[in-house]
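# A look at the structure
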Amino acid sequence: MATAVQQPSDEPMILLEKVNKWYGDFHVLTDIDLSVKRGERIVICGPSGSGKSTMIRCINRLEEHQAGRIVVDGVELTNDVRKVEAVRRDVGMVFQHFNLFPHLTVLQNLTLAPIWVRKTPKAEAEATAMKYLERVRIPEQAHKYPGQLSGGQQQRVAIARALCINPKVMLFDEPTSALDPEMVAEVLDVMIKLADESNVTMICVTHEMGFARSVADRVIFMDRGQIVEQNTPEEFFSHPQNERTKLFLSQILAH
Amino acid sequence: MSDTAIPTAMPKPIAGPVIWLRANLFANPLNAIMTVLVVWFLVMSLPALLDWLLLDAVFQADSVRECRAAGSGACWAFIGEKHRLILFGLYPYEEQWRPLLVVLLLIAMAGVSCLRRFWTKWLAPMWIATLVVVGILMWGGVLGLSYVENARWGGLPLTMILAFVAIAVAFPLGVLLALGRRSNLPAIRAICTIYIELVRGVPAVSLLFMASVMLPLLLPEGMNIDKLLRAQIALIVYASAYLAEVVRGGLQSLSKGQYEAADALGLTYWQKQRLIILPQALRITIPPLVNTLITVFKDTSLVVIIGLYDLMNAAKASFVDPAWRGSSIEAYVFVSLIYFAFCFFMSKYSQSIEKRLAQSQNR
């Protein structure tokens with residue numbers, strides 16, 4: 001890639017070492033080791049309850065891990081609030097249920113973090129927000145409230161909102177699972193375009209295998225709290241190694 | 001196949017007084033019986049009420065005996081004679097323009113605060129300035145105004161001051177208590193929970209009584225808090241606990257996703273509460289919030305038990321005069337109308353806010 005001229009490019013963007021997490025007695029993440037390079041695109045798949053959402057939610061500390069190390073862009077996540085805030089300033093997140101703020105307009109949703117977290121002047125924040133709204137192809141909705149938009153439009157606003165903080169990492173937590181079928185494509189298109197046009201590091205939990213094929217550098221399969229298998233999309237889909245991976249792929253690709 | 005369906009016209013709305021009556025008043029047997037009963041009740045009660053209030057009422061008299069001789073209705077002459085005692089309590093008679101000005105000033109400021117275009121950074125300083133002016137007018141002692149100790153304050157200005165200050169202080173305190181009760185920090189959570197449960201667990205009357213009798217015992221020797229201030233503190237304590245629980249209800253109704261989205265954007269705790277959580281939580285809780293504010297306004301009348309002459313107690317004092325003994329109903333009707341005017345306005349105002357918020361979000 002031509003854009004691979006980054007400063008300390010050998011240091012991983014995200015590093016997870018022996019990460020463990022329990023919900024009560026339930027061992028939700030077991031010895032997770034994962035190193036994500038700068039600009040890498042990763043798709044995580046696996047059956048429900050396999051811990052994939054929990055894992056990416058640990059990366060911006062919406063969930064706390066109980067053992068192991070998580071380092072994001074050189075900052076280790078601990079109980080130190082300043083470190084957590086530092087990591088969150090550089091990590092954008094898109095949720096399954098959009099989680100837009102219903103009492104704010106689309107534009108206000110987008111400018112909130114730039115104005116309050118990054119202290120950007122309002123006019124500049126609004127100009128940036130409009131730029132991203134154009135990128136997700138809904139600039140005309142800027143002054144509407146989220147409740148007036150369709151699910152697909154809301155998710156595109158949510159992607160624009162995450163991009164407005166100019167993140168180094170974008171986390172997508174099943175971004176299309178809550179959408180009506182006819183709206184899945186418009187959201188995936190935006191995500192593919194984002195992958196093509198920027199060099200942001202992307203980690204995406206999704207079952208959209210077409211998306212994984214066209215965008216991912218690496219596909220990770222998780223089951224029962226463990227990373228079972230990881231490979232390039234071509235190898236992953238054509239020559240799955242593990243029995244559980246084969247079973248999972250046969251189930252989701254069957255129809 | 002081409003679309004050849006005949007366009008069906010929207011069914012014409014059927015109207016007319018008979019149809020309206022049938023639909024709204026006589027839709028079914030139970031409905032008809034209720035209608036007849038309500039009409040019968042109105043026919044029986046309204047003329048009598050009207051007679052008492054107006055037609056048989058006496059507006060000119062020098063004592064309650066004259067009143068009763070002149071007509072069988074209400075003795076409004078009593079209100080004409082005693083309204084200044086009821087409205088201003090024992091405040092020096094010649095100086096009563098001062099509490100009157102206070103009442104008008106507070107009503108004007110409340111009115112201004114209701115208008116959206118005055119919701120600027122100047123509103124809080126304006127209120128502080130207003131309260132300073134209120135203090136100067138009520139106490140005096142400066143600018144050539146004679147000094148009036150607050151033991152002589154009474155009537156409507158006292159009720160309004162108690163209620164306004166209680167609401168103004170208890171509301172932010174209640175919000176903090178509600179946030180504290182949901183805090184991740186165990187110590188803060190415990191303190192807020194204990195405070196709320198203790199205060200909610202005792203009657204307002206006993207809080208006032210404790211503030212009046214027990215607080216001086218707890219204070220060091222020689223230190224003395226004014227009776228009015230003690231009542232004010234008790235009202236703030238009482239109102240804040242109830243408001244906290246109302247606000248907490250709103251906080252709990254928000255989805256976890258709102259908190260997570262705010263966290264993920266890197267907002268700090270206070271930014272998250274102020275920009276995302278509270279605007280939504282308070283919006284949801286407008287009806288119960290206003291309900292609590294109305295309750296607080298009326299519960300100021302409980303200060304009677306520690307001997308303050310608020311509107312209600314001043315009304316009671318007004319019919320002690322031997323010449324007017326027996327006019328209690330007129331006095332109570334009079335102050336009830338004043339209380340009602342304030343509470344009705346609060347209720348209507350909250351309805352208008354709800355309506356406007358509903359429109360602005362199209363939800």
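Below: a short report on this structure. (Residues numbered from 1 in each chain as written. Chains lettered and ligands numbered in written order. Predicted model: local features only at pLDDT ≥ 70, side-chain atom pairs only at ≥ 80, totals over all residues. Heavy atoms only, no water.)

### Points about the overall build of chain A
Helix and strand counts for chain A stand at 9 helices and 10 strands. Since a compact globule built from 255 residues should have a radius of gyration of about 18 Å, the 18 Å found for chain A is in line with a globular shape. In terms of overall dimensions, chain A has a C-alpha envelope of 55 × 45 × 45 Å along the principal axes. Expressed as a percentage of the 255 residues in chain A, the buried residues total 55%. In chain A, of all internal contacts separated by at least 6 residues, the share reaching a separation of at least 24 is 66%. (Helix = DSSP H or I, 4+ residues; strand = E, 2+ residues; numbered from the N terminus. Rg over C-alpha atoms; globule rule 2.2 N^0.38 Å. Buried < 20%, exposed > 50% of the residue type's maximum accessible area, 1.4 Å probe, protein only. Contact = heavy atoms within 4.5 Å.)

### Looking at the pairing of strand β4 (residues 67-72) of chain A
Residues and elements named next belong to chain A. Bridge analysis of strand β1 (residues 14-23) against β4 gives 5 bridges, and the strand direction is antiparallel. Residue pairing across strands places E17 opposite R69, the latter belonging to β4. Counting the residues in the hairpin turn of β4 and strand β5 (residues 75-76) gives 2 residues, including D73, whose phi is positive at 50 degrees. (Pairing = 2+ DSSP bridges.)

### Here we look at the pairing of strand β8 (residues 201-205) of chain A
Residues and elements named next belong to chain A. Most of β8 is tucked away: 5 of the 5 residues are buried. As paired elements, strand β3 (residues 41-45) and β8 share 4 bridges and run parallel to each other. Directly across from I44, in β8, lies its bridge partner V205. Two strands pair when backbone bridges link them, and strand β7 (residues 169-173) and β8 are joined in this way by 5 bridges, in the parallel orientation. Looking across to β8, one finds that L171 is bridged to I203. The β-α-β motif built from β7, the intervening helix α6 (residues 181-197) and the parallel element β8 has right-handed crossover chirality. (Right-handed = clockwise from strand over helix to strand, strands pointing away.)

### Looking at the interface of chain B and chain A
Of the residues lining the interface, 23 residues belong to chain B; the matching set on chain A comes to 24 residues. Summed over both sides, the interface between chain B and chain A buries roughly 2,100 Å², with carbon and sulfur atoms accounting for 61% of that surface. At the surface where chain B touches chain A, the tally comes to 1 salt bridge. Among the salt bridges present, the one from B:E260 reaches A:R57, with a minimum N-O distance of 2.5 Å. Between chain B and chain A we count 6 residue pairs in polar contact (both at pLDDT 80 or more) in total. Of all elements in the fold, only α11 (256-264), α12 (269-284) and α15 (328-361) of chain B reach the threshold of two or more residues within the side of chain B that touches chain A. It is α11(B) that provides the largest number of residues to the side of chain B that touches chain A, a total of 8 residues. Here the residues of the side of chain B that touches chain A sort into 8 nonpolar, 9 polar and 6 charged. (Buried area = accessible area lost by both parts, 1.4 Å probe. Salt bridge = Lys/Arg side-chain N within 4 Å of Asp/Glu carboxyl O. Polar contact = N/O pair within 3.5 Å; in protein donor to acceptor, adjacent residues only side chain to side chain. Nonpolar A, V, L, I, M, F, W, Y, C, P; charged D, E, K, R; others polar.)

### Quick look at the side chain of A:T120
Positionally, A:T120 belongs in the loop between α3 (106-116) and α4 (122-135). The buried category is assigned to A:T120, whose relative accessible area is 18%.

### Brief notes about the environment of B:I305
Residues and elements named next belong to chain B. Mapping I305 onto the fold places it in the loop between α13 (286-299) and β1 (309-310). A residue is classified by how much of its surface remains accessible, and I305, at 38% relative accessible area, is partly exposed. The spacing of I305 and L293 is 12 residues in sequence and 21 Å in space, taken between C-alpha atoms. If sequence neighbours within four positions are ignored, I305 has contacts with V205, L208 and F209.

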